[in-house]
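The residues making up each chain are set out below.
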Amino acid sequence: MSQPSATHPDGAVSFQDRDGIRTIVLDRPEKKNAMTEVMWIGLGTAFATAASAGNRVVLVTGRGATFCAGNDLRDFLEHPPKDENAPVFRCLLAMATLELPLIAAVRGPAVGIGTTLLLHCDLVYAAPGAKLKVPFVDLGLVPEAGSSLLLPRRIGRARAGAMLLLGETISAEQAHADGIITRIVPDENLDTEAQAAAAIIAAKPRQAVLETKRLLNHDRADLLAAIHREAASFCRLLETEEARTAIAGFFRR
Ligand code: COA
């Protein structure tokens, strides 16, 4: 297992390989698993090395009662990513090019990347209290992780507008109806159910699994182009007074 450091203020992303399953944990529960630069580096590494380490499937979850509160908003103010070489974008590209099936187990809020990561998953298990939100526009920003392409494709332009432009939060039930969540699972069974799904995939013929993932992502070039487009807009807008004021507003609540 990579070194978890839940007590470190910048948090950590830990991962463990067992029986062909790489289990990744977003580990900063006291800040609702908001992603810092060090966590982006950890998550990017966990994605980038999962297949070469001999795994067959990747499972991602968050420690504690929140899946992920999105990017650390203080980091956005103090160390904004400047370009596509920033750890956040490298991680998003590693996720978009992951060769293995990706499963998420989600409880509580999934904000920003907490939601857009789910659009890259092959299976999503969520507790009844899961809540999905992509408040990029409210923060003076734009969608990321290819969500400007993936979200309207998944739930339709009209519903994507409600989430991306109105900033609507959606419940686990709505996300299930929308086809973002595979199954809603009682909180106490969430981890075992997600692990069981991972174990089923890990027991299947590896080449067939990898080839199926490759076919499911046949339009990856479009996705990568969307991530690049979004990254350019995101970095530009992060510099604006409009975004900085909106982001700082979170800490004045
Ligand atoms: N960046 C930095 N700190 C964050 C954070 C973020 N994205 N999300 C939560 N935190 C911090 C809070 O500032 C708070 O810190 P404190 O204890 O030092 O005051 C702590 O985590 C707990 O958060 P809190 O808001 O009190 O928890 P909650 O249970 O009431 O609400 C959320 C949870 C996730 C709904 C709420 O924290 C939230 O909306 N976060 C911001 C989400 C966001 O806009 N993300 C960016 C998307 S691009």
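What you are looking at is a predicted structure, and each value in this text was computed from that prediction instead of being measured. (Residues numbered from 1 in each chain as written. Predicted model: local features only at pLDDT ≥ 70, side-chain atom pairs only at ≥ 80, totals over all residues. Heavy atoms only, no water.)

## Some thoughts on the overall build of the protein chain
Then, number 1: Within the protein chain, the regular secondary structure consists of eleven helices and nine strands.
Then, number 2: The globule rule puts the C-alpha radius of gyration for 253 residues at 18 Å, and the 17 Å found for the protein chain is close to it.
Then, number 3: Principal axes of the C-alpha set define a box for the protein chain whose edges measure 50 × 40 × 35 Å.
Then, number 4: Going through the 253 residues of the protein chain one by one, you find that 53% of them count as buried.
Then, number 5: A fraction of 71% describes how many contacts in the protein chain between residues 6 or more apart in sequence connect residues 24 or more apart. (Helix = DSSP H or I, 4+ residues; strand = E, 2+ residues; numbered from the N terminus. Rg over C-alpha atoms; globule rule 2.2 N^0.38 Å. Buried < 20%, exposed > 50% of the residue type's maximum accessible area, 1.4 Å probe, protein only. Contact = heavy atoms within 4.5 Å.)

## Comments concerning the pairing of strand β1 (residues 12-18)
Then, number 1: Pairing geometry for β1 and strand β2 (residues 21-27), over seven bridges, is antiparallel. Following the sheet pairing, A12 is matched in β2 by D27.
Then, number 2: The antiparallel pairing of β1 with β2 creates a hairpin that spans two residues between the two strands, and D19 there sits at a positive phi of about 50 degrees. (Pairing = 2+ DSSP bridges.)

## Some points on the sheet that holds strand β8 (residues 170-171)
Then, number 1: Taken together, the three strands give an open sheet; going across it, the order is β5-β7-β8, and neighbouring strands pair in mixed fashion. For this open sheet the edge positions go to β5 (109-111) and β8, each flanked by a neighbour on one side alone.
Then, number 2: Note that β5 and strand β7 (residues 131-133) share three bridges and pair parallel. Bridge assignment links A110 to a residue of β7, and that residue is L132.

## Some words on unusual backbone geometry
Then, number 1: Its identity is not glycine, yet K32 carries a phi of approximately 55 degrees, on the positive side.
Then, number 2: With respect to the helices and strands, K32 occurs in the loop between β2 and α1 (37-48).
Then, number 3: The partly exposed category is assigned to K32, whose relative accessible area is 46%.
Then, number 4: At A145, a residue that is not glycine, the phi angle is positive and equals roughly 55 degrees.
Then, number 5: Locating A145 in the fold gives a position in the loop between β7 and α5 (147-155).

## A short note on the packing of α1 against helix α3 (residues 87-96)
Then, number 1: As a packed pair, α1 and α3 sit with axes 8 Å apart at the nearest point and diverge in direction by 25 degrees. Relative to α3, the element α1 lies roughly parallel. Where α1 crosses over α3, the two elements pack in a sense that is left-handed. Between α1 and α3, the residues in contact are E37, W40, I41, L43, G44, F47 and A48 and P87, V88, C91, L92, A94 and M95, respectively.
Then, number 2: Here the contact of α1 with α3 is composed, by residue class, of eleven nonpolar, one polar and one charged. (Axes fitted to C-alpha atoms, helices over the stretch in contact; angles between N-to-C directions. Parallel < 35°, antiparallel > 145°, perpendicular 65-115°, else oblique. Left-handed = near helix turned anticlockwise from the far one by under 90°. Nonpolar A, V, L, I, M, F, W, Y, C, P; charged D, E, K, R; others polar.)

## Brief notes about the sheet that holds strand β4 (residues 102-106)
Then, number 1: Strand order in the open sheet made by the six strands is β1-β2-β3-β4-β6-β9, with mixed pairing throughout. Two strands bound the open sheet, and with one partner strand each, they are β1 and β9 (183-184).
Then, number 2: Sheet topology note: the strand β6 (residues 123-126)/β9 ladder contains two bridges and is parallel. Paired with Y125 across the two strands is R183, which belongs to β9.
Then, number 3: α1 rests against β1, β2, β3 (57-62) and β4 of the sheet, and its axis sits at about 175 degrees to β2.
Then, number 4: Taken strand by strand, helix α8 (residues 190-202) contacts β2, β3, β4, β6 and β9, and its axis lies near 170 degrees from that of β4.

## Some words on the side chain of T61
Then, number 1: Along the chain, the position of T61 falls in strand β3.
Then, number 2: Classification of T61 as buried rests on a relative accessible area of 11%.
Then, number 3: For T61, the side chain forms a polar contact with the main-chain oxygen of A105, separated by 3.1 Å.
Then, number 4: Once residues lying within four places of it in the same chain are set aside, the contact partners of T61 are I24, V25, L26, F67, A105 and D191. (Polar contact = N/O pair within 3.5 Å; in protein donor to acceptor, adjacent residues only side chain to side chain.)

## As for the confidence of the model for the protein chain
Then, number 1: Of the residues in the protein chain, 97% reach a pLDDT of 70 or more, and the chain-wide mean stands at 96.
Then, number 2: Taken together, the stretch residues 1-6 has pLDDT below 50 and engages in 15 contacts with residues farther than four places along the chain or on a different chain. (pLDDT = per-residue confidence, 0-100.)

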